[in-house]
Amino acid sequence: FILLTAAATACLLELDLRRNHVVDGNRGLTAVRMLAVAGLTLTFYPVVKAFTLGQIQVWINGLFALSLLAWAVDRKALGGVLIGVICLIKPHYGLFLLWAVLRREWRFIAAGVATAGFGLAASLIVFGWANHTDYLRVLAFLSEHGEAYYPNQSLNGLLNRLMGVNDPGLYINLEIPAGKFPPFNPWVYGTTLAASIAIIAAAILRRADT
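Here we summarise the structure given alongside this text.

A look at the overall build of the protein
Phase 1 of the analysis: For the protein, the count of helices and strands is nine helices and zero strands.
Phase 2 of the analysis: Listing the helices and strands of the protein from first to last along the sequence gives α-α-α-α-α-α-α-α-α.
Phase 3 of the analysis: Taken over the C-alpha atoms alone, the protein extends approximately 60 × 40 × 35 Å along its principal axes.
Phase 4 of the analysis: Counting all 210 residues of the protein, 30% fall into the buried class.
Phase 5 of the analysis: Pairs at least 24 residues apart make up 62% of the contacts formed inside the protein by residues separated by at least 6 positions.
Phase 6 of the analysis: Here the protein displays about 13,400 Å² of accessible surface, and carbon together with sulfur accounts for 70% of that area.

In structure tokens, the structure reads:
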């Protein structure tokens, strides 16, 4: 999946450069650019850190890069299928379907909803309702507590580490003890929630200049 991320990113770069007539079809220079993208991918901290932690985020990265490439070459249904698959791993990516609704990208929406819906139905048959409702409670708990671990560079991670200056015993940031989460803090939770709403709204509502 790391190789998939690198390959899809390299193809996106080449596609954009050629569409804008920035480069010609010189094979030697194309190979150099692809090697450069591969090197940047293999030294990009979020990609490498996810791999060293053994996170399924590596899969998500690869599928998402491929979805972007599918969109760029006007294979929007395929892009929707890939986002649907990602939603089965991390439902938060369903925001892309909302983004598509506001832009009336029906092929993308139909493919994404069908893929996610089929996968959800299969999951309910195999695992039952309880596991899925329990997952919602897990998400609620995680959103209330967040994480202080130092590689987490999100606003929530930064705020929890800031709280750890005063109470390092509760906000442990050098490791992730099993079952140990930062305590609920209204200031950290409220700031994180407000920032998330602002970022998501800006991303979903923003329109490209024409």
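Observations regarding the side chain of threonine 115
Phase 1 of the analysis: When you line up the elements, threonine 115 lands in helix H7 (residues 106-145).
Phase 2 of the analysis: With relative accessibility at 19%, the residue threonine 115 sits in the buried group.
Phase 3 of the analysis: Threonine 115 has contacts with Val81, Gly84, Val85 and Leu88, leaving out every residue within four places of it along the chain.

Thoughts on unusual backbone geometry
Phase 1 of the analysis: Non-glycine residue aspartate 74 carries a positive phi angle of around 65°.
Phase 2 of the analysis: With respect to the element layout, aspartate 74 can be found in the loop between helix H4 (57-72) and helix H5 (76-89).
Phase 3 of the analysis: Aspartate 74 gets classed as partly exposed once you look at its relative accessible area, which sits at 43%.

Description of the nonpolar core
Phase 1 of the analysis: Judged by nonpolar contacts, Ile60, Leu63, Leu82, Ile83, Ile86, Cys87, Tyr93, Leu97, Ala100, Phe108, Ile109 and Ala116 together constitute the single largest core of 12 residues.
Phase 2 of the analysis: Breaking this core down by element, the ones donating at least two residues are H4, H5, helix H6 (95-102) and H7.
Phase 3 of the analysis: Ignoring any residue separated from it by four or fewer positions in sequence, one finds leucine 63 in contact with Phe1, Leu4, Leu82, Val85 and Ile86.

With respect to the packing of aromatic side chains
Phase 1 of the analysis: Taken as a whole, this structure holds nine aromatic pairs when the rule is applied.
Phase 2 of the analysis: Judged by centre distance (6.0 Å) and plane angle (20°), the rings of tyrosine 93 and phenylalanine 96 are stacked.
Phase 3 of the analysis: On the basis of relative accessibility, which here comes to 17%, the residue tyrosine 93 falls in the buried class.
Phase 4 of the analysis: Aromatic side chains phenylalanine 141 and phenylalanine 181 sit 5.2 Å apart centroid to centroid with 85° between the ring planes, which places their arrangement in the edge-to-face category. With a gap of 40 residues between them, phenylalanine 141 in helix H7 and phenylalanine 181 in the loop between helix H8 (155-164) and helix H9 (186-205) connect regions that are remote in the sequence.

Section: the pattern of salt bridges
Phase 1 of the analysis: Going through the model one piece at a time under the given rule, you end up with five salt bridges.
Phase 2 of the analysis: Salt-bridge contacts for arginine 137 lead to aspartate 134; the nearest nitrogen and oxygen are separated by 2.0 Å. Within this pair, arginine 137 and its partner aspartate 134 are both found in helix H7, separated by three residues, close to a single helical turn.
Phase 3 of the analysis: What emerges from the salt-bridge pattern is a single network uniting Glu14, Arg18 and Arg33.

Overview of a nonpolar patch on the surface
Phase 1 of the analysis: Together, Leu95, Leu98, Val101, Leu102, Trp106, Ile200 and Leu205 line one region of the surface with nonpolar side chains, adding up to about 630 Å² of accessible area.
Phase 2 of the analysis: Counting residues per element, the ones that place at least two in the nonpolar patch are H6 and H9.
Phase 3 of the analysis: Among the elements that line the nonpolar patch, the one with the most residues is H6, at four residues.
Phase 4 of the analysis: Positionally, leucine 95 belongs in helix H6.

Describing the side chain of histidine 145
Phase 1 of the analysis: Relative to the helices and strands, histidine 145 is located in helix H7.
Phase 2 of the analysis: The class for histidine 145 is buried, based on a relative accessible area of 16%.
Phase 3 of the analysis: The contact partners of histidine 145, leaving out residues within four places of it in the chain, are Asn160, Phe181, Pro182, Pro183 and Phe184.

Procedures and definitions
Residue positions are given per chain, counted from 1 along the sequence in the order it is written. Restriction of local features to residues with pLDDT of at least 70 applies here, the model being predicted, together with a cutoff of 80 or more for giving and counting side-chain atom pairs; totals for whole chains, interfaces and linings are based on all residues. Processing note: side-chain calculations cover all non-hydrogen atoms of the structure and skip hydrogens and water entirely. Labels follow the DSSP assignment, with helices taken as runs of H or I lasting at least four residues and strands as runs of E lasting at least two, numbered in each case from the N terminus. For each residue, the accessible area found with a 1.4 Å probe, counting protein chains only, is set against the maximum for its type, and the residue is called buried under 20%, exposed over 50%, and partly exposed in between. Whether two residues are in contact is decided by their heavy atoms: any pair within 4.5 Å suffices. Accessible surface area values rest on a Shrake-Rupley calculation with a 1.4 Å probe, where residue burial reflects the displayed protein chains alone. Put simply, buried Ala, Val, Leu, Ile, Met, Phe, Trp, Tyr and Cys residues joined by side-chain atoms within 4.5 Å make one nonpolar core. Stacked, edge-to-face and tilted labels apply to pairs of Phe, Tyr and Trp rings (six-membered ring for Trp) whose centres lie within 6.5 Å, assigned for plane angles under 30 degrees, over 60, and everything in between, in that order. When a carboxyl oxygen of Asp or Glu lies within 4 Å of a side-chain nitrogen of Lys or Arg, that pair is called a salt bridge. Patches draw on residues past 30% relative accessible area with no salt bridge. Two like charges within 9 Å are joined, as are two nonpolar side chains (Val, Leu, Ile, Met, Phe, Trp, Tyr) within 5 Å.

Geometry only, nothing functional implied.
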